[in-house]
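What the coordinates show
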Amino acid sequence: EIKQDIGVVQDECNLPLMFTASDIEAVMKKIYRNWEHEQYWALIKKFNLPRNQMISSFSKGMKVKMNFAIALAHKSKLLLLDEATSGLDPVMRDDVLDLLLEFVKAGENSVLFSSHITSDLSKIADHIAFLHEGKLLFYKAKDDLMQHYGLLRCDRERFGLLDKSDVLAWREQDHE
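Presented here is a report on the structure given in the accompanying data block. (Residues numbered from 1 in each chain as written. Predicted model: local features only at pLDDT ≥ 70, side-chain atom pairs only at ≥ 80, totals over all residues. Heavy atoms only, no water.)

Focus on the side chain of Asp120
Filter applied, for reference: Helix and strand labels come from DSSP, where a helix needs a run of H or I of at least four residues and a strand needs a run of E of at least two; each type is numbered from the N terminus. Any two residues whose heavy atoms approach within 4.5 Å at even a single point are treated as in contact.
By the element assignment, Asp120 lies in helix H5 (residues 118-124). Each residue touching Asp120, except ones within four places of it in the same chain, is listed here: Thr85, Arg93, Leu97, Phe113 and Ser115.

What follows is the structure in structure tokens.
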């Protein structure tokens, strides 16, 4: 019952590669009772995906777009996205982020978005959770985060002068 309200998009394709967009719909409309035929095909068209070409011939970005079409075509209330925009070119990524903003606009839907692309998060997130080495370091409203936290790049000597209680995480690289 709960799965009916959840859409999932990962950076990897877990769809049968010998299927086409038409084959996918035939299966998905049997799985999801709220499947929206028109919505699915509108997204397929928007994403410039071929109707009858096997998924095995799709690029990584096309496979991600296919996953978004499926996730959005069954009236999901929650989208779970795991690095979902990483395979998209910058223009398509912005289009997908706009779709996500529209998805949550009414306030009845939510998106849980795991991403290393911080520009995506800054564009659409209301709240940000920062995980480091499997531990939750903080969960903050994005506006609070933007006002009170920052990224510092410095040499080892200056880093040593910092009060470590002010540092949430750090990474040492060649010269910083």
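This is not the end of the story, as more comes after the structure.
Here's the deal with the packing of helix H3 (residues 60-72) against helix H4 (residues 90-105)
Applicable threshold: To obtain each axis, a line is fitted to C-alpha atoms, and for helices this fit is confined to the stretch in contact; angles are then taken between N-to-C directions over 0 to 180 degrees. In what follows, roughly perpendicular refers to angles from 65 to 115 degrees, roughly parallel to angles under 35, roughly antiparallel to angles over 145, and oblique to any angle outside these ranges. Under the scheme applied here, ten amino acids are nonpolar (Ala, Val, Leu, Ile, Met, Phe, Trp, Tyr, Cys and Pro), four are charged (Asp, Glu, Lys and Arg), and all others, including Gly, are polar.
Where H3 contacts H4, the two axes come as close as 12 Å, and the packing angle between them is 10°. Considering their axes alone, H3 and H4 lie roughly parallel with respect to each other. Contact residues: Lys65, Phe68 and Leu72 in H3; Met92, Val96, Leu99, Leu100 and Phe103 in H4. When grouped by side-chain class, the residues that make up the contact of H3 with H4 number seven nonpolar, no polar and one charged.

Considerations on the pattern of salt bridges
The criterion, for reference: Salt bridge criterion: a side-chain nitrogen from Lys or Arg within 4 Å of a carboxyl oxygen from Asp or Glu. The buried label goes to any residue with under 20% of its type's maximum accessible area, the exposed label to any with over 50%, and the partly exposed label to all in between, with areas taken from a 1.4 Å probe on protein chains only.
By the definition in use, this model includes eight salt bridges. Among the ionic pairs, Lys75 bridges to Glu36, the shortest N-O distance being 3.6 Å. In this pair, Lys75 is assigned in the loop between H3 and strand E2 (78-82) and Glu36 in the loop between helix H1 (21-31) and helix H2 (37-46), connecting sequence segments 39 residues apart. Classification of Lys75 by relative accessible area gives partly exposed; the value is 47%. In this structure, the salt-bridge partner of Asp94 is Lys123, at a minimum N-O distance of 3.8 Å. Taken together, the residues Asp94 in helix H4 and Lys123 in helix H5 connect sequence positions 29 residues apart. Asp94 gets classed as partly exposed once you look at its relative accessible area, which sits at 37%. By sharing partners, the salt bridges in this structure join Asp94, Asp98 and Lys123 into a single network.

Regarding the nonpolar core
To keep things clear, this is the line we draw: Nine residue types can take part in a nonpolar core, namely buried Ala, Val, Leu, Ile, Met, Phe, Trp, Tyr and Cys, and a core is a set of them joined through side-chain atoms within 4.5 Å.
Formed by 40 residues in total, the largest nonpolar core has its most connected members in Tyr40, Met66, Phe68 and Leu100. Elements with a contribution of two residues or more to this core: H1, H2, H3, E2, H4 and H5. Element by element, the count of residues in this core is highest for H3, at eight residues. Beyond its immediate sequence surroundings of up to four residues, Tyr40 is in contact with Ala21, Ile24, Glu25, Trp35, Met66, Ala69, Ile70 and Ala73.

Some thoughts on a nonpolar patch on the surface
Note the following rule: In this scheme, patches are assembled from residues that exceed 30% relative accessible area and form no salt bridge. Like charges are connected within 9 Å, while nonpolar side chains (Val, Leu, Ile, Met, Phe, Trp, Tyr) are connected within 5 Å. Every accessible area reported is derived by Shrake-Rupley at a probe size of 1.4 Å, with residue values counting cover from the shown protein chains alone.
A grouping of Phe130, Leu137, Tyr149 and Leu168 is seen on the molecular surface, where their side chains present a nonpolar patch of about 310 Å² in accessible area. With respect to the element layout, Leu137 can be found in strand E5 (residues 135-141). Given a relative accessible area of 30%, Leu137 falls into the partly exposed group.

Concerning the sheet that holds strand E1 (residues 6-10)
Let me state the cut-off plainly: In short, DSSP must find at least two bridges between two strands for them to pair.
One open sheet accounts for three strands, arranged E1-E2-E3; its pairing is parallel. In this open sheet, the two edge strands, each paired with only one partner strand, are E1 and strand E3 (110-114). Going across the sheet, the axis of each strand differs from the next one's by a mean of 10°, ignoring polarity. Relative to E3, E2 is paired through five bridges, and the arrangement is parallel. Directly across from Leu80, in E3, lies its bridge partner Leu112. Each of E2 and E3 touches H4; the most contacted strand, E3, lies at about 145° to it.

Here we look at the packing of aromatic side chains
Under the convention used in this document: Here the aromatic set is Phe, Tyr and Trp, taking the six-membered ring for Trp, and pairing holds for ring centres within 6.5 Å; pairs whose planes are under 30 degrees apart are stacked, those over 60 apart are edge-to-face, and all others are tilted.
Applying the stated rule across the entire model yields five aromatic pairs. Look at Tyr40 and Trp41: their rings are 4.9 Å apart centre to centre, the planes differ by 75°, and that puts the pair in the edge-to-face class. Owing to a relative accessible area of 0%, Tyr40 belongs among the buried residues under this scheme. With relative accessibility at 11%, the residue Trp41 sits in the buried group.

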